[in-house]
Amino acid sequence: MHKTWQKGMAAAAIAALLLAGCGTSKAPLQGTAETPPSKTEQAAQPGTGGDKTITPPETSAPKPDPEKKELKIKTYYSDAQLEKLVQKDVTISIKQDQDKYLAALNQLKKSPDGNTIPLFKGFTYKSVGLKDGQLNLDVSIADEGRLGSGGEGMLLDALQKTMFQFSEIKSIEVLVDGKQVESLMGHMDLPHPIKRSQS
């Protein structure tokens, strides 16, 4: 009886070993299925050089710069005595053709040198867009941007000379905070719209 029990235990142990053996035989199969990823990981480690090859495209990401184009335009400012307009040649950088209007207007806000005064200092351009030959411009004017009658006259002159150099602009509609006003600063009449002179 005792021997029969021992035989039964031995048989159970063998069966358990066989089952465990089957389990381990499956494990290497899973391991082999996993080895390709580990090989690719190993390949990726020496592939740090490969990473370097990926980096140059990222480093050569100044591709936007070639996409930008430069445009030479004329801009207008006051002389240091606020007596006359001074023309300056500047270069603007734009991505799309329609960007040149805002880029040109932004140039009027800053002086290119110490001998000129920007007439549009204190101006904020809320919207700028060309439609059917008319440049629609919505501005906001800070107190520092308000000029006397001579300055306002030069400002309107500078606006027309700068923007009408673009042949597609036939007229300019200027709004202040979304509204038509009779005058920008209370000295000069503001036409709606300002039309290109036929001369």
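Just above, that's the structure.
Model, not experiment: these values are computed from the prediction.

Parameters at a glance
Residues numbered from 1 in each chain as written. Predicted model: local features only at pLDDT ≥ 70, side-chain atom pairs only at ≥ 80, totals over all residues. Heavy atoms only, no water. Helix = DSSP H or I, 4+ residues; strand = E, 2+ residues; numbered from the N terminus. Buried < 20%, exposed > 50% of the residue type's maximum accessible area, 1.4 Å probe, protein only. Contact = heavy atoms within 4.5 Å. Areas by Shrake-Rupley, 256 points an atom, 1.4 Å probe, with all protein chains shown as cover. Salt bridge = Lys/Arg side-chain N within 4 Å of Asp/Glu carboxyl O. Expected span 1.5 Å × (residues − 1). Core = buried A, V, L, I, M, F, W, Y, C linked by side-chain atoms within 4.5 Å. Pairing = 2+ DSSP bridges. Phe/Tyr/Trp six-rings, centres within 6.5 Å; stacked < 30°, edge-to-face > 60°. Lys NZ or Arg CZ within 6 Å of the ring centre and 35° of its normal. Axes fitted to C-alpha atoms, helices over the stretch in contact; angles between N-to-C directions.

### Structural notes on the overall build of the protein
(1) Moving on: Scanning the protein for helices and strands turns up 5 helices and 7 strands.
(2) Moving on: When the helices and strands of the protein are read in sequence order from the N terminus, they spell out α-α-α-β-β-α-β-β-β-α-β-β.
(3) Moving on: Here the protein holds 199 residues, and 28% of them are scored as buried.
(4) Moving on: Excluding contacts between residues fewer than 6 apart, the proportion of contacts in the protein whose partners are at least 24 apart in sequence is 57%.
(5) Moving on: When the accessible surface of the protein is split by element, carbon and sulfur atoms take 55% of a total near 13,000 Å².

### Examining the pattern of salt bridges
(1) Moving on: Throughout the structure, instances matching the rule amount to 6 salt bridges.
(2) Moving on: Lys-126 is the partner of Asp-177 in a salt bridge, and the nearest nitrogen-oxygen pair spans 3.3 Å. With a gap of 51 residues between them, Asp-177 in the loop between strand S6 (171–176) and strand S7 (194–195) and Lys-126 in strand S4 (residues 123–131) connect regions that are remote in the sequence.
(3) Moving on: The exposure class assigned to Asp-177 is partly exposed, which follows from its relative accessible area of 39%.
(4) Moving on: One continuous salt-bridge network, built from bridges that share partners, spans Lys-69, Asp-97, Lys-100 and Glu-168.

### Observations regarding helix H5 (residues 149–163)
(1) Moving on: The terminal C-alpha atoms of H5, which comprises 15 residues, lie 21 Å apart, in line with the 21 Å expected from a rise of 1.5 Å per residue.
(2) Moving on: If you check which residues of H5 are buried, you get Gly-151, Glu-152, Met-154, Leu-155, Leu-156, Ala-158, Leu-159, Thr-162 and Met-163.

### Thoughts on the nonpolar core
(1) Moving on: If you look at the biggest cluster of nonpolar residues, it comprises 35 residues, and the most contacted ones within it are Phe-120, Leu-159, Met-163, Ile-172, Val-174 and Leu-184.
(2) Moving on: Those elements that place two or more of their residues in this core are strand S1 (69–79), strand S2 (85–94), helix H4 (100–107), S4, strand S5 (134–141), H5 and S6.
(3) Moving on: Here the element with the most residues in this core is H5; it accounts for 6 residues.
(4) Moving on: In this structure, Leu-184 is in contact with Ile-141, Arg-146, Glu-152, Leu-155, Leu-156, Val-174, Val-176 and Leu-190, ignoring residues within four places of it in sequence.

### Brief notes about the pairing of S1
(1) Moving on: Taken together, the 10 bridges between S1 and S2 define a ladder with antiparallel strand orientation. In the strand pairing of S2, Leu-71 is matched with Ile-92.
(2) Moving on: The pairing of S1 with strand S3 (residues 116–117) spans 2 bridges and is antiparallel. Paired with Asp-79 across the strands is Thr-116, a residue of S3.

### Thoughts on the packing of aromatic side chains
(1) Moving on: Across all of its chains, the model carries 2 aromatic pairs by this definition.
(2) Moving on: Arranged with centres 5.6 Å apart and planes meeting at 85 degrees, the rings of Tyr-101 and Phe-166 form a pair that is edge-to-face. Note that Tyr-101 is positioned in helix H4 and Phe-166 in the loop between H5 and S6, a separation of 65 residues in sequence.
(3) Moving on: A residue is classified by how much of its surface remains accessible, and Phe-166, at 6% relative accessible area, is buried.
(4) Moving on: A cation over a ring is seen here: Lys-161 above Tyr-76, with NZ or CZ 5.9 Å from the ring centre.

### What about the sheet that holds S3?
(1) Moving on: Ordered in space as S2-S1-S3, the 3 strands form an open sheet in which the pairing is antiparallel. Looking at which strands have only one partner, the edges of the open sheet turn out to be S2 and S3.
(2) Moving on: This element, H4, spans S1 and S2 of the sheet and lies at about 135 degrees to S2.
(3) Moving on: Those strands touched by H5 are S1 and S2, and its axis lies near 160 degrees from that of S1.

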